[in-house]
Amino acid sequence: MKKIFLAVLAISTIALTSCSNDSKDDTTATGNGSLKLEFDNVYGAADLALNTEYTNSNGEKVKPNNVIYIISNVVLTKADGSTYTVPKSSSYFFVNETDEASTLITLPNIPAGDYTKVKFGIGVDQAQYDAGADGQGDLWTTAALPSLGMTWSWASGYKFVKFEGTVTSTTHTDAPYKVHTGKTGSIYNYAEATLDFPNNALVRTNITPQVHIMADVKKIIDGTTVINFEEGLDVMGGTKVQQIMANNVPTMFEAHHVHND
Amino acid sequence: MKKILLLTAFLAIAGCSSDDDTEYQNLPIDYQVPSNFPPLVYDLSRNPLTEKGFELGKKIFYDGRLSSDGTISCGFCHIQSDAFTHHGHTFSHGVNDASGTRNAPPVQNMAYQSQFFWDGASDHIEMLSMAPISSEIEMNGNIIDIINMMKNDAKYKQLYQQAFPNAPIDAEHLLKALGQFMTVLTSSNSRFDKYRRGETGGALTVAELAGYSLFNAKCATCHATDLFTDNTFRNNGLTINPQINDVGRYRVTQIPQDKFKFKVPSLRNIEKTAPYMHDGRFFTLEAVLNHYQSGVGNTENLDPILNTNGTLGIALTTEEKAKIIAFLKTLTDEEFLTNPKFSEF
């Protein structure tokens, strides 16, 4: 992944140069195009590699082996402030570290224009829970795929973030830990992130911009709220899950650069 | 309610004659909220009830192919004549005879309920079916296999098409059909209901009426409305079985104040739904009343209503207990328990 990262940097430099040439005003842009969101998981300052040991601020050493999260309800904002909301029924995505295809989300039928930011949810929102099965299509079937395992039977719903691995701490040596977040009782724990693009994403009938998003999964457990696995290897409910979703997850994403080609 | 009954009869007839008719016109079900009920919780506008939606839901409810071993349907544990409970089973057993640790509650008037399962693990009538189907103990079903089975079954293909024209056979519509079936499972014609609505057949005896007053005074804070639940979670003082140590609502929220709290259950058809409580520990209503009178334990998060200045439980004389039980038996709704429209065959 490091190599890719470097390549991406190189390309982005080109993209940056080319984009200044490209930034004609978008009032002329018509028709629909597509936009891609690429989720690149990192661990702090390093690219994420599964089964590799990372040390957290509390001294605990974790080796993640499974990272999956739900990205939902994507809204794109244009330079003029107008927004495009991806239809809810086609706006739930499972980003799975072990399935590279799942980390690149293609959004079709986007009105041409210059986009400046993206907002998305992490998890399933209250409106969807209130709607029950309505509009869920195959969400359950997908979540139930053995490769994902993102249904959450104890809450008749979905895991929003699944972050598993092993941990070595004062009393544990390579002990399996599990962080599962989702709706807990009447608390929805749905998180949102809004990312400004460092350069505009120019959606055209013949240009499909790709937004490269860095997702720092370290922040899930080592952010504003620090999870100490010493206090318990399973984090699946209660205030810890609420804090992870409220304080940590919204800050883990960054739009690093945009390719317009 | 008469309307529903008439429709019921009509459904039964229409159901048989139209089996092979692909041009079949799906008819809406005109669902009326009984006048003594609280308002519906379920927003039917997102899933309008239809004859074929109900029929599809019923077929799914009674289909053992939803479970991994092909034998356990929803109806296996939720039996109509027992108000859709697993009568006589303290703990329901599911696939491979695996046994859970909770007693199956009745499936009735679900569209009025905002919290499902003893711990409120679900709060939507459509979403709740994800739990039994995926549960290793109950059905251990794989939704992907189930949808594939339905896509390859002629009868399902026809019913889905009729119930949800132009919609795919998918998890969303499976859940909606079950939601429709459970909504129509409305029990509202007990003698008590008729009494409340001033209908014929609604005469209560002096003892039953006395029991109703006692119930209102001593039980109705928790067992509220004509559905007998306030949809909250409370600890009614059951002593904790250390072998199971069911923490109740805490399992869902992991909030310490929720430990040992369970959903206040509806008491409709209570005569028919023994054994009682989340773990089925009491076999008779007498045992339940004795619990409230003298068995309440001061466990963590005991409901304050059951602890007045250190005196635990509810003051009840033998006579009062008998009257309350007489009242509880007026909640039995034979029409519901025997309605052929709800039955498997």
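Think of each chain on its own: its residues are numbered from 1, step by step along the sequence as written. Chains and ligands are labelled sequentially in the order written, the chains with letters from A and the ligands with numbers from 1. Per-residue local features are limited, in this predicted model, to residues with pLDDT of at least 70; the limit for side-chain atom pairs, both in listing and counting, is 80 or more; totals at the level of whole chains, interfaces and linings are taken over all residues. Side-chain measures here rest on the full set of heavy atoms in the structure, leaving out hydrogens and waters.

## A look at the overall build of chain A
1) Next: Every helix listed is a DSSP run of H or I at least four residues long, and every strand listed is a run of E at least two residues long, numbered separately from the N terminus. When you go through chain A residue by residue, the secondary structure sums to 5 helices and 15 strands.
2) Next: The proportion of buried residues among the 261 residues of chain A is 55%.
3) Next: Long-range contacts, defined here as pairs at least 24 residues apart, represent 76% of the contacts in chain A between residues at least 6 apart.
4) Next: For chain A, the exposed surface amounts to about 10400 Å²; the carbon and sulfur share of it is 52%. We call a residue buried when its accessible area falls under 20% of the maximum for its residue type, exposed when it is over 50%, and partly exposed in between, using a 1.4 Å probe and counting protein chains only. The contact criterion used is simple: two residues touch if any of their non-hydrogen atoms lie within 4.5 Å. Per-residue accessibility takes into account occlusion by the displayed protein chains alone, with areas from the Shrake-Rupley method and a 1.4 Å probe.

## Notes on the nonpolar core
1) Next: Residues belong to one nonpolar core when they are buried, are Ala, Val, Leu, Ile, Met, Phe, Trp, Tyr or Cys, and are joined through side-chain atoms within 4.5 Å. Ranked by size, the top nonpolar core spans 117 residues in total, and within it Y69, I71, F120, I122 and F253 of chain A together with L174 of chain B carry the most contacts.
2) Next: I71 of chain A has contacts with F39, S91, Y92, F93, V95, I105, F120, G121, I122 and F253 of chain A, leaving out every residue within four places of it along the chain.
3) Next: Of all hydrophobic cores here, the second largest spans 28 residues; its members include Y212, M277, F282 and L285 of chain B.

## A closer look at unusual backbone geometry
When glycine is set aside, most residues are seen to have a negative phi, and most peptide bonds are trans.
Residues and elements named next belong to chain B.
1) Next: With omega at 0°, the peptide bond leading from A274 into P275 counts as cis.
2) Next: Residue position: P275 is located in the loop between β2 (262-263) and α11 (285-295).
3) Next: Located in the positive-phi region is N269, a residue other than glycine, with phi close to 55°.
4) Next: Within the element layout of this structure, N269 appears in the loop between β2 and α11.
5) Next: Given a relative accessible area of 0%, N269 falls into the buried group.
6) Next: Of note in the backbone geometry, M277 takes a positive phi value of approximately 80° without being a glycine.
7) Next: Mapping M277 onto the fold places it in the loop between β2 and α11.
8) Next: The exposure class of M277 is buried, given its relative accessible area of 12%.

## Looking at the packing of aromatic side chains
Residue and element names in this part refer to chain B.
1) Next: Pairing of aromatic rings covers Phe, Tyr and Trp, the last through its six-membered ring, and needs centres within 6.5 Å; plane angles under 30 degrees mean stacked, over 60 mean edge-to-face, and all others mean tilted. In the structure shown here, the tally under the stated rule is 26 aromatic pairs over all chains.
2) Next: Centroid distance F37 to Y112: 5.0 Å. Interplanar angle 80°. Geometry classified as edge-to-face. Here F37 is found in the loop between α1 (2-17) and α2 (51-61), whereas its partner Y112 is found in the loop between α3 (74-77) and α4 (130-134), with 75 residues between them in sequence.
3) Next: Assessed through its relative accessible area of 8%, F37 is described here as buried.
4) Next: Consider the rings of F336 and F342, whose centres lie 5.7 Å apart with planes at 55°: the pair is tilted. Each member of the pair, F336 as well as F342, is classed as buried.
5) Next: The structure contains a cluster of three or more aromatic residues connected by ring pairs, namely F54, F61, Y62, F84, F181, F336 and F342.

## As for the side chain of E97 of chain A
1) Next: Assignment of secondary structure puts E97 of chain A in the loop between β6 (92-96) and β7 (104-111).
2) Next: For E97 of chain A, a relative accessible area of 17% corresponds to the buried category.

## Looking at the pairing of strand β13 (residues 209-216) of chain A
All names here are of chain A.
1) Next: With 8 of 8 residues buried, β13 is to be regarded as a mostly interior element.
2) Next: Going residue by residue along β13, you find P209, V211, I213 and A215 tucked away on one face and Q210, H212, M214 and D216 tucked away on the opposite face as well.
3) Next: Strands were regarded as paired on the criterion that DSSP finds at least two bridges between them. Here strand β1 (residues 32-43) runs beside β13; their pairing, made up of 7 bridges, is parallel. Across the sheet, V42 pairs through a bridge with D216, a residue of β13.

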